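Single-letter residue listing:
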Amino acid sequence: MPESAPGFDEMPLYDMPTAPAPDRGPGQASIRQAASRRRLRTRFLRAGREAVDDRDLLELLLSGLREVDDAGALAGSLLDTFGTAPRALAARPDRLRTVPGLSDDAIAVLKAAEALGIRMARAYVPDAVRPSFGSYTKVIEYCRTLAGHREVEEFRVLYLDRKNRLIADECHQKGSVCHTPVYPREVCIRCLELQASAIVALHPHPSGSPDPSRADIDMTNRLRDALKTIDVTLLDHVIVTPTGSFSFQARGLL
């Protein structure tokens with residue numbers, strides 16, 4: 001009798017070619033994220049900055065970067081780390097690099113946004129910086145934009161010419177969260193280099209209180225006296241925070 005055909009379990013197995021999976025395009029999560037970005041962009045363009053919060057603004061900044069998969073999640077990580085969008089923009093690049101997923105391209109976008117904000121504030125600084133004028137509030141606003149959101153203290157100087165026009169603003173020294181060394185001799189040298197006739201001193205208080213410490217007052221007096229020896233006037237010393245400021249000139253301390 002002929003041999004019977006092998007049963008199913010006895011049949012030899014062959015590697016059958018597998019058809020490639022159909023290209024289904026972006027996943028559902030990506031589709032939802034894209035739709036969310038479109039809605040956010042539309043809301044922002046129609047209603048303006050008052051219609052969005054810090055997270056939305058950071059998401060808008062980061063959403064155009066190809067390497068960012070979820071701009072909303074990255075914006076949330078920035079707020080978790082720095083607390084507010086202005087503090088994230090003001091953070092040093094090395095601090096920003098500690099945020100997972102934040103590339104150098106993304107850091108450049110954030111720092112560019114900060115630079116544009118500072119330039120816009122400076123554009124409103126009056127031609128003549130005089131604390132006794134009503135327009136001096138624009139100078140205070142510029143100081144807050146420049147330094148109010150820093151994580152650590154730094155001492156900055158606004159150098160002015162004979163007509164009290166702004167020549168330059170520069171960082172003199174960077175310090176810790178509660179102290180910045182100030183060297184009056186170096187400030188005097190820089191005044192001579194720039195041919196400045198007056199300055200406005202500026203530093204932030206990361207603690208949140210703009211009130212000067214005893215050390216702040218003593219340093220201001222030393223700086224004022226040193227500047228007098230080269231005929232340069234200390235017009236003001238301004239302490240700034242994200243929500244407030246303290247003017248030595250306005251409080252009668254200069």
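Residues numbered from 1 in each chain as written. Predicted model: local features only at pLDDT ≥ 70, side-chain atom pairs only at ≥ 80, totals over all residues. Heavy atoms only, no water.

Student: What is the right way to read the packing of helix 6 (residues 104-123) against helix 7 (residues 136-147) from this model?
Tutor: Angle between the axes and distance between the axes are the two parameters that describe a pair of packed helices. Their axes nearest at 9 Å, the elements helix 6 and helix 7 cross at an angle of 170°. By the criterion of interaxial angle, the relationship of helix 6 to helix 7 is roughly antiparallel. Crossing hand, helix 6 versus helix 7: left-handed. In this structure, helix 6 uses G117, I118, A121 and R122 to contact helix 7, whose residues at the interface are Y142, T145 and L146. Of the residues belonging to the contact of helix 6 with helix 7, the class tally is 4 nonpolar, 2 polar and 1 charged. (Axes fitted to C-alpha atoms, helices over the stretch in contact; angles between N-to-C directions. Helix = DSSP H or I, 4+ residues; strand = E, 2+ residues; numbered from the N terminus. Parallel < 35°, antiparallel > 145°, perpendicular 65-115°, else oblique. Left-handed = near helix turned anticlockwise from the far one by under 90°. Contact = heavy atoms within 4.5 Å. Nonpolar A, V, L, I, M, F, W, Y, C, P; charged D, E, K, R; others polar.)

Student: Looking at this model, I keep getting lost on helix 3 (residues 71-82). Mind explaining?
Tutor: Residue pairs three or four apart in sequence face the same way in an α-helix, which turns once every 3.6 residues. Taking 1.5 Å as the rise per residue, helix 3 with 12 residues should run 16 Å; its terminal C-alpha atoms sit 16 Å apart, in good agreement. Taken as a whole, helix 3 has its buried residues at A71, G72, L74, A75, G76, L78, L79 and F82. Each element contacted by the buried residues of helix 3 is listed here: helix 2 (54-62), helix 4 (85-90), helix 5 (93-96) and helix 6. Two or three places before G72, at the start of helix 3, stands the capping residue D70, its side-chain oxygen 3.2 Å from that residue's backbone nitrogen. (Expected span 1.5 Å × (residues − 1). Buried < 20%, exposed > 50% of the residue type's maximum accessible area, 1.4 Å probe, protein only. Polar contact = N/O pair within 3.5 Å; in protein donor to acceptor, adjacent residues only side chain to side chain.)

Student: Looking at this structure, I do not really get the pattern of salt bridges. What am I missing?
Tutor: Pairs can form between side chains of opposite charge whenever their charged atoms are close. Inspection of every chain in the model, using the stated rule, returns 18 salt bridges. Put simply, R43 and D56 hold a salt bridge, and the shortest N to O gap is 3.6 Å. Taken together, the residues R43 in helix 1 (residues 28-47) and D56 in helix 2 connect sequence positions 13 residues apart. Among the residues examined, R43 registers a relative accessible area of 36% and is labelled partly exposed. Between K138 and E141 there is a salt bridge, and its shortest N-O distance comes to 3.9 Å. Here E141 and K138 lie together in helix 7, a separation of 3 residues that amounts to about one turn. Assessed through its relative accessible area of 34%, K138 is described here as partly exposed. Residue class for E141 comes out partly exposed when judged on its relative accessible area of 41%. (Salt bridge = Lys/Arg side-chain N within 4 Å of Asp/Glu carboxyl O.)

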